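Structural characterization, general
Spelled out from the first residue to the last, the chains are:
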Amino acid sequence: RYPVASPQALEDQYSPSRWSPRLDRDTIIDAHFAVTAAGTERARASAETLLHVPYGNGDGEKLDIYFPTDPSGTFPVLVYIHGGYWQCLSKDDSGFAAPPLVSQGVAVVAVGYDIAPKGRCCPAEAAAACMAQRPPTLPPALCPGHMDSMVLQVRRSLVFLVEQYPRIRGIYLCGHSAGAHLAAMVLSTDWTEFQVVPDIKGTVLVSGVYDLEPILHTYVNDALNMSREVAQRNSPMRHVTPAVPAACEVLVAVAQHDSPEFRRQSQEYSQALRAAGWSVSLLDLAGVDHFDVIEKLSEDSYILTQVGRRAVPRL
């Protein structure tokens, strides 16, 4: 289903560090970690924050909240879901985009979730390790770091926000890379089982992966340890629901220097949403790669910052 000729070619396509013209592949990831960490440190120093707020009992189930400069009355919130191929980065590197938004009356929430390689505890040969670190009521498939768990955690984080912060008026999702995948999975949620329906008014998906099957055959799955069934169950491309009248607007953004496979996935997912009746736009961002496409959200002048700020009106 995906136009890649060989296993090595597939590895290359799903290795974003190979495609940047700015830095070599051994440098760019470390540079990305440094930029997002420094930006988050600046954001924490300049905004009113509430850090490490637990939305569940898991180690990674915590939120960082950056409150608007003038939080009088009600306010919209942008929920940011970090990337890192589901196995690195954290909410502690995810506040860098807050300053341009909090200055305009928008709260920013960075979501933490349990990343892999904890998910490697889930094969049968390591069942004892899995049992030791999960509550007795948690099914084996929902061990920390399992793809099912990450999707559920992000959904539950939104339920927590709605229940705990009644002053929130309108939720806007933004996810990068693996975080875009998790945000897209939120769009397919059946909220009846949660007994809460978050008022999601917009979603910005940046350089995401929307069909997980191709990465089954790459190094990415070494830590995730997904079966084909798990990949299919958690592929937004396979779970596009018909848009309801109140469905949110979706912006799918992709970088000029993303790999052809990343660009294909963004194009095909946006087409699938549009075919299902969603209001969706595809934004092809010139002059950026898989990493600075999101790093630049800390800059007021960046086009994606401007588009995002227009899409998140101060209520």
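What comes next concerns the included structure. Model, not experiment: these values are computed from the prediction.

A few points about unusual backbone geometry
- Here A116 and P117 are connected by a cis peptide whose omega angle stands at 20°.
- One non-glycine residue with positive phi stands out, namely W86, at about 65°.
- When you line up the elements, W86 lands in the loop between β3 (75-81) and α3 (98-102).
- In the Ramachandran plot, N225 falls in the positive-phi region, its phi being about 55° despite a non-glycine side chain.
- Relative to the assigned elements, N225 resides in the loop between α7 (220-224) and α8 (228-233).
- Looking at N225, the relative accessible area reads 41%, which means it is partly exposed.

Points about the environment of A31
- Along the chain, A31 turns up in helix α2 (residues 25-46).
- Its relative accessible area of 25% is what places A31 among the partly exposed residues.
- Through-space distance from the C-alpha of A31 to that of F291 is 9.1 Å; in sequence the pair is 260 residues apart.

Things to note about the nonpolar core
- One finds V79, W86, L158, L205, L224, M226 and V250 to be the most contacted residues of the largest nonpolar core, which totals 61 residues.
- When near neighbours in sequence (up to four residues on either side) are disregarded, W86 contacts I115, A116, M147, M150, A178, H181, L182, V209, L212, I215, V220 and L224.
- One finds A47, L101, V106 and I294 within the second-largest nonpolar core, a separate group that totals 28 residues.

Things to note about the packing of aromatic side chains
- What the rule picks out here adds up to seven aromatic pairs.
- Look at Y85 and W86: their rings are 5.7 Å apart centre to centre, the planes differ by 20°, and that puts the pair in the stacked class. Across the pair, W86 and Y85 agree in class, each one buried.
- Summarising the aromatic geometry, the rings of Y85 and Y219 are spaced 6.3 Å apart at their centres and angled 75° between planes, so their arrangement reads as edge-to-face. With a gap of 134 residues between them, Y85 in the loop between β3 and α3 and Y219 in the loop between β6 (200-206) and α7 connect regions that are remote in the sequence.
- Accessibility expressed as a relative area gives 10% for Y85, which makes it buried.
- Given a relative accessible area of 33%, Y219 falls into the partly exposed group.
- Following the ring pairs from residue to residue traces out a cluster consisting of Y85, W86 and Y219.

Focus on the sheet that holds strand β8 (residues 280-285)
- Spatially, eight strands are ordered β1-β2-β4-β3-β5-β6-β7-β8 in an open sheet, and the strand pairing comes out mixed. At either margin of the open sheet sits one strand with a lone partner, and together these are β1 (49-54) and β8. This sheet shows a mean twist of 20° between the axes of neighbouring strands, independent of strand direction.
- Strand direction decides the pairing type here: β1 and strand β2 (residues 62-66), joined by four bridges, are antiparallel. Bridging from a neighbouring strand, P54 pairs with K62 of β2.
- Taken strand by strand, helix α5 (residues 147-164) contacts β1, β2, β3, β4 (107-111), β5 (168-176) and β6, and its axis lies near 160° from that of β5.
- In the packing of helix α9 (residues 260-275) onto the sheet, the strands contacted are β6, β7 (249-255) and β8, and the crossing angle to β8 comes to about 160°.

Regarding the packing of α5 against helix α6 (residues 178-187)
- At a minimum axis distance of 10 Å, the contact between α5 and α6 shows a crossing angle of 65°. As summarised for this structure, α5 and α6 are arranged roughly perpendicular, according to the angle between their axes. Note on packing geometry: the crossing formed by α5 with α6 is right-handed. Along its contact with α5, which presents M147, M150, V151, V154, R155 and L158, the element α6 presents H181, L182, M185 and V186.
- A per-class count over the contact of α5 with α6 returns eight nonpolar, one polar and one charged.

Let's talk about the pairing of β6
- Summarising burial for β6: six of the seven residues are buried, a large majority.
- Alignment of β5 against β6, held across six bridges, turns out to be parallel. Across the sheet, G175 pairs through a bridge with L205, a residue of β6.
- With respect to chirality, the unit in which β5 leads through α6 into the neighbouring parallel β6 is right-handed.

What to know about the layout of surface pockets
- Estimates place the volume of the largest pocket at around 410 Å³.
- The wall of the largest pocket is formed by 19 residues, among which L187, W191, V197, V244 and A247 lie closest to the centre.
- Among the residues making up the lining of the largest pocket, the classes are represented as 13 nonpolar, four polar and two charged.

Quick look at the side chain of S270
- Relative to the elements of secondary structure, S270 occurs in helix α9.
- Ignoring sequence-local partners within four residues, the contact set of S270 consists of V252, V280 and L282.

The rules behind these values
- Residues numbered from 1 in each chain as written.
- Predicted model: local features only at pLDDT ≥ 70, side-chain atom pairs only at ≥ 80, totals over all residues.
- Heavy atoms only, no water.
- Helix = DSSP H or I, 4+ residues; strand = E, 2+ residues; numbered from the N terminus.
- Buried < 20%, exposed > 50% of the residue type's maximum accessible area, 1.4 Å probe, protein only.
- Core = buried A, V, L, I, M, F, W, Y, C linked by side-chain atoms within 4.5 Å.
- Contact = heavy atoms within 4.5 Å.
- Phe/Tyr/Trp six-rings, centres within 6.5 Å; stacked < 30°, edge-to-face > 60°.
- Pairing = 2+ DSSP bridges.
- Axes fitted to C-alpha atoms, helices over the stretch in contact; angles between N-to-C directions.
- Parallel < 35°, antiparallel > 145°, perpendicular 65-115°, else oblique.
- Left-handed = near helix turned anticlockwise from the far one by under 90°.
- Nonpolar A, V, L, I, M, F, W, Y, C, P; charged D, E, K, R; others polar.
- Right-handed = clockwise from strand over helix to strand, strands pointing away.
- 1 Å grid on protein atoms, 1.4 Å probe; cavity = no way out; pocket = protein on both sides within 12 Å on 5 of 7 lines; lining within 4 Å.
- Points joined across faces, edges and corners; volume = space filled by probe spheres on them.

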